[in-house]
Amino acid sequence: MNEIEKNTISLAADILKDKNNLIEKAQKLADLLDYFIDIEPGKLNFDDIEVFIDFKFVTKDLPVNKEERKKWSELILMQKDKDIKIIENKFRSAVEKACLEIIKKLNDISWML
């Protein structure tokens, strides 16, 4: 298992364990999953990867980390925080299901036999 696979499993497990910062973590996981599209296609189910691609697209302009939030006014942040909650609630189930599948697939060595 290479470092990208280890980091992918670790981040997916963290999403499942800690319900906070879903958007920020899922965006990072989406970046890691690019590896499985470009370098190791077929190792993961594309439907699971697509969940993160879609989620990242929908959330790309939201202020989710501290540095980004400093650039926004309090009034706008209040509205964006409502948007964040709505989006997290909409995607959480699909993201968590995809995380479980990704962990399962990357921990399964039978594909190497």
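Residues numbered from 1 in each chain as written. Predicted model: local features only at pLDDT ≥ 70, side-chain atom pairs only at ≥ 80, totals over all residues. Heavy atoms only, no water.

Caption draft 1: Broad picture of the overall build of the protein chain. Across its full length, the protein chain carries five helices and zero strands. Its helices and strands taken in sequence order, the protein chain reads α-α-α-α-α from the N to the C terminus. Going through the 113 residues of the protein chain one by one, you find that 36% of them count as buried. For the protein chain, contacts bridging at least 24 residues in sequence account for 66% of all contacts bridging at least 6. By element, 55% of the accessible surface of the protein chain is carried by carbon and sulfur atoms, the whole surface being about 7300 Å². (Helix = DSSP H or I, 4+ residues; strand = E, 2+ residues; numbered from the N terminus. Buried < 20%, exposed > 50% of the residue type's maximum accessible area, 1.4 Å probe, protein only. Contact = heavy atoms within 4.5 Å. Areas by Shrake-Rupley, 256 points an atom, 1.4 Å probe, with all protein chains shown as cover.)

Caption draft 2: Structural context of the pattern of salt bridges. Going through the model one piece at a time under the given rule, you end up with 13 salt bridges. Its salt-bridge partner being Lys-19, residue Glu-96 comes within 2.8 Å of it at the nearest N-O pair. Of the two residues, Glu-96 sits in helix H5 (residues 74–107) while Lys-19 sits in the loop between helix H1 (3–17) and helix H2 (22–38), which places them 77 residues apart along the sequence. Among the salt bridges present, the one from Asp-31 reaches Lys-56, with a minimum N-O distance of 2.2 Å. Of the two residues, Asp-31 is situated in helix H2 and Lys-56 in helix H3 (residues 46–59); the sequence distance between them amounts to 25 residues. Each of the salt bridges in this network shares a partner with another, and the network as a whole consists of Glu-5, Glu-40 and Lys-43. (Salt bridge = Lys/Arg side-chain N within 4 Å of Asp/Glu carboxyl O.)

Caption draft 3: Geometry of a nonpolar patch on the surface. A cluster of nonpolar side chains, contributed by Ile-37, Phe-46 and Ile-53, occupies part of the molecular surface with about 230 Å² of accessible area. Looking at where Ile-37 falls in the secondary structure, it is placed in helix H2. (Patch = residues over 30% accessible without salt bridge, like charges linked within 9 Å, V, L, I, M, F, W, Y side chains within 5 Å.)

Caption draft 4: Looking closely at the packing of H3 against H5. Running from amino to carboxyl end, H3 crosses H5 at an angle of 150 degrees, the nearest separation of the two axes being 9 Å. It follows that H3 is roughly antiparallel to H5 by the angle criterion. Helix-helix and strand crossings are classified by hand; for H3 and H5 the assignment is left-handed. Judged by residue contacts, Asp-48, Val-51, Phe-52, Asp-54, Phe-55, Val-58 and Thr-59 of H3 engage Ile-87, Phe-91, Ala-94, Val-95, Ala-98, Cys-99, Glu-101 and Ile-102 from H5. Its residues assigned to classes, the contact of H3 with H5 comprises 11 nonpolar, one polar and three charged. (Axes fitted to C-alpha atoms, helices over the stretch in contact; angles between N-to-C directions. Parallel < 35°, antiparallel > 145°, perpendicular 65-115°, else oblique. Left-handed = near helix turned anticlockwise from the far one by under 90°. Nonpolar A, V, L, I, M, F, W, Y, C, P; charged D, E, K, R; others polar.)

Caption draft 5: Focus on the nonpolar core. Leu-29, Leu-33, Phe-52, Phe-55 and Val-95 are the most contacted members of the largest nonpolar core, which has 28 residues in total. Elements represented by at least two residues in this core include exactly H1, H2, H3 and H5. The element best represented in this core is H5, accounting for nine residues. (Core = buried A, V, L, I, M, F, W, Y, C linked by side-chain atoms within 4.5 Å.)

Any functional reading would require information beyond the geometric quantities listed.
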